[in-house]
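Take a look at the letters that make up each chain.
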Amino acid sequence: MFELKKIRSDFPILSKKRNEKSFIYFDNAATTQKPQEVINEVCDFYTHYNSNIERGMYFLADESTKKFNDTRSIVRSFLNAKLNEEIIFTSGCTQSINMVCFGFLNTFIKPGDQILIGKMEHHANLVPWQIASNRLKAKIIPLESSENGVIDMSDFKKKINSKVKFIAIQHISNITGHENNIQEICSIAHQHNAFVLVDGAQAVSHKSVNVHSLNCDFYCFSGHKCFGPTGVGVLYGKKDLLLRMTPLLFGGNMIGRVSFSNSSLGDLPQKLEAGTPNIAGVIGLGAAINYISSLGFNNIKLAEKLLAEKMWSALKAMNNIALSIKAPPQSPVFSFNVKGIHSYDVGTLLDEMNICVRTGSLCAQPAIKELNSTGFVRASLCFYNTEEEIELFVSALKKVIKLL
Amino acid sequence: MSFEINKSVIVSDFNLFDSWEERYEHLIDLGKSLEPLDLDFKNNSNLVEGCQANVWLVCEIKNEKLNVMGDSDAIITRGLVALLVRLFNNCSVKEIIHTNNSFLDEIGLNKHLSMTRSNGINAMIKKIHEYCLNYIKK
């Protein structure tokens, strides 16, 4: 059962008041709020069994190590990966992408090789590739996008060739809420012996992800965008590829044998997790995934579909709203402009009415340019948002337009 | 005109309004009444970094007094630029370098207009201060 009232009460921040009034949180694409279960789990770690993992021979360390490793199983099952060692804990999506750029590309890319990147990627899935390809003298080729911000498949098919060694794409756009056809992209890429990294930052809180059926080579996401703590994320990689990867960081528990003059690396996954990890964060992420599972993606998708439909028709009904997309989004993300008004002005006045939205370039300046804009107002919803909030949002928008 | 007089005029203007809507309307009116900056001045060197909207500030000192012009592509930010122009224009350089950002509280901007934390007003004030400090150093 999907009881909205109960679900909202799971998230303590949603009952916060500002100037004695409740607030509307429509910035879920930037970060989601945290259910009490996640907060409790983090608190519980520090209160009851704080200890370093994989090191101590005592009861506290046993407990934290077990909980940490259990979370790896939770994430493996969440992504439907085959093996626990294919799940690497990172500080977030950005670190995951950087690990592939600087620890994997360098193992095989030659000068003149090509990397395909969607024009709609956010900075975290563009800048690391730019820097890595500069160093390796490889070339980044941009992939055109359709009017809804997804990869134009005919352009992709034109550009893939034997020189293309890697493709980096987002699963769902943080601007348009539309989804790339990952399965087809991976299948075509593999016919040309190219690898694919999928940035799942905007996907994992909205739909179930199956890396096995997508057949992507790497998949990454951030914990804080799926109800978990900040500072924790995941890199999934196929085992044979992770084995080829060189770590970016060295030290801590990632070693095999160490002498003063030499060291050997340990096994997966520790090889790629140098130093003491964000143990509380990882355990909190496990609680977040358990929370998602307890709701079930069928329920989440249904609730978000209803919200998206309502939001879409409300915005479409307003004359002076220019949406960034032509078709309703697959996940409830709405980037738009009020004609003739700067997105910053809209965001500022919405904030006065206790409505949190994102404004500006949305960490994706090239993508914003691609959509012929200089910045958007972005309202990104989540299953805990309500139809009433959409109604309040629309009347607030009308008030903003009147004031400006 | 001195900074203190300019400030008290701005403070009493804002005190006329009871609601946030009225305060913003006032700020937006200020923005609308600001003389637009000539296109030639809207270049990268006049751009103030640290603002979400584009803000350009052009400072000039004549007879030890500051003349400041500015513009923004967002109307609320433009209102804030207008406010700073009213506040600092024709003030002596020596006076300006001794002011600090606490006047934002006195005007009631921080209290009443919650957006001031993110709109780059501090970056704008810093730019004006730095211009005056550099002038004095020379």
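Residues numbered from 1 in each chain as written. Chains lettered and ligands numbered in written order. Predicted model: local features only at pLDDT ≥ 70, side-chain atom pairs only at ≥ 80, totals over all residues.

Here we look at the sheet that holds strand β6 (residues 139–143) of chain A
Residues and elements named next belong to chain A.
Thought 1: The strand order across the open sheet built from seven strands is β4-β10-β9-β8-β7-β5-β6, with neighbouring strands paired in mixed fashion. Edge positions in the sheet fall to β4 (87–90) and β6, since each has one partner strand and no second. Going from strand to strand, the sheet's axes swing by 20 degrees on average, the running direction of each strand aside.
Thought 2: As paired elements, strand β5 (residues 114–118) and strand β7 (residues 164–170) share four bridges and run parallel to each other. Paired with Leu-116 across the bridge in β7 is Ile-167. (Pairing = 2+ DSSP bridges. Helix = DSSP H or I, 4+ residues; strand = E, 2+ residues; numbered from the N terminus. Axes fitted to C-alpha atoms, helices over the stretch in contact; angles between N-to-C directions.)

Some thoughts on the pairing of β5(A)
Residue and element names in this part refer to chain A.
Thought 1: Counting buried positions over the five residues of β5 gives five, a clear majority of the element.
Thought 2: Neither face of β5 is left uncovered, since the one carrying Gln-114, Leu-116 and Gly-118 and the one carrying Ile-115 and Ile-117 both have all their residues buried.
Thought 3: With five bridges joining them, β5 and β6 adopt parallel strand pairing. Of the residues in β6, the one forming a bridge with Leu-116 is Ile-141.
Thought 4: Taken together, β5, helix α5 (residues 127–136) and β6 form a β-α-β motif whose crossover is right-handed. (Buried ≥ 20, exposed ≤ 12 C-beta atoms within 10 Å, placed from the backbone. Right-handed = clockwise from strand over helix to strand, strands pointing away.)

Side note on helix α3 (residues 59–79) of chain A
All names here are of chain A.
Thought 1: Taking 1.5 Å of rise per residue, the 21 residues of α3 would be expected to cover 30 Å, and the 31 Å separating its terminal C-alpha atoms lies within 8% of that figure.
Thought 2: The complete set of buried residues in α3 reads Ser-64, Phe-68, Thr-71, Arg-72, Ile-74, Val-75, Phe-78 and Leu-79. An end-on view of α3 places all buried positions within 165 degrees of arc, on one side of the element. Turned more than 90 degrees from where α3 packs its buried face, Phe-59, Lys-66 and Ser-73 sit exposed.
Thought 3: Each element contacted by the buried residues of α3 is listed here: α2 (36–49), β4, α8 (211–214), β9 (218–222), β10 (233–237) and α10 (279–295). (Expected span 1.5 Å × (residues − 1). Arc of directions from axis to C-beta. Contact = placed C-beta atoms within 7 Å.)

Notes on the sheet that holds strand β13 (residues 321–323) of chain A
Residue and element names in this part refer to chain A.
Thought 1: Strand order in this open sheet of four strands is β13-β14-β17-β16, and the pairing throughout is antiparallel. The open sheet is flanked by β13 and β16 (358–360), the only strands paired with a single partner. Within the sheet, the average angular offset between the axes of one strand and its neighbour, ignoring direction, is 30 degrees.
Thought 2: Bridge analysis of strand β14 (residues 333–338) against strand β17 (residues 376–380) gives four bridges, and the strand direction is antiparallel. Paired with Val-333 across the bridge in β17 is Ser-380.

Description of the confidence of the model for chain B
Keep in mind that low pLDDT regions are not for reading the predicted coordinates in detail.
All names here are of chain B.
Thought 1: Here chain B shows a mean pLDDT of 87. Residues at 70 or above account for 90%.
Thought 2: No element of chain B has a lower mean pLDDT than helix α6 (residues 109–112), at 66, and none a higher one than strand β2 (residues 65–72), at 96.
Thought 3: Among the prediction metrics, the complex's ipTM stands at 0.89, with pTM recorded as 0.93. (pLDDT = per-residue confidence, 0-100.)

As for the pairing of strand β8 (residues 195–199) of chain A
Residues and elements named next belong to chain A.
Thought 1: Of all five residues that make up β8, five are buried, and the element is covered over most of its length.
Thought 2: The sheet contact formed by β7 and β8 spans five bridges and is parallel. Within β8, the residue paired with Ile-169 across the bridge is Val-198.
Thought 3: Once the chain exits β7 it traverses helix α7 (residues 182–191) before rejoining the sheet at β8, and the crossover so formed is right-handed.
Thought 4: Pairing of β8 with β9 involves three bridges; the strand directions are parallel. Across the sheet, the residue bridging to Val-198 is Tyr-219, located in β9.

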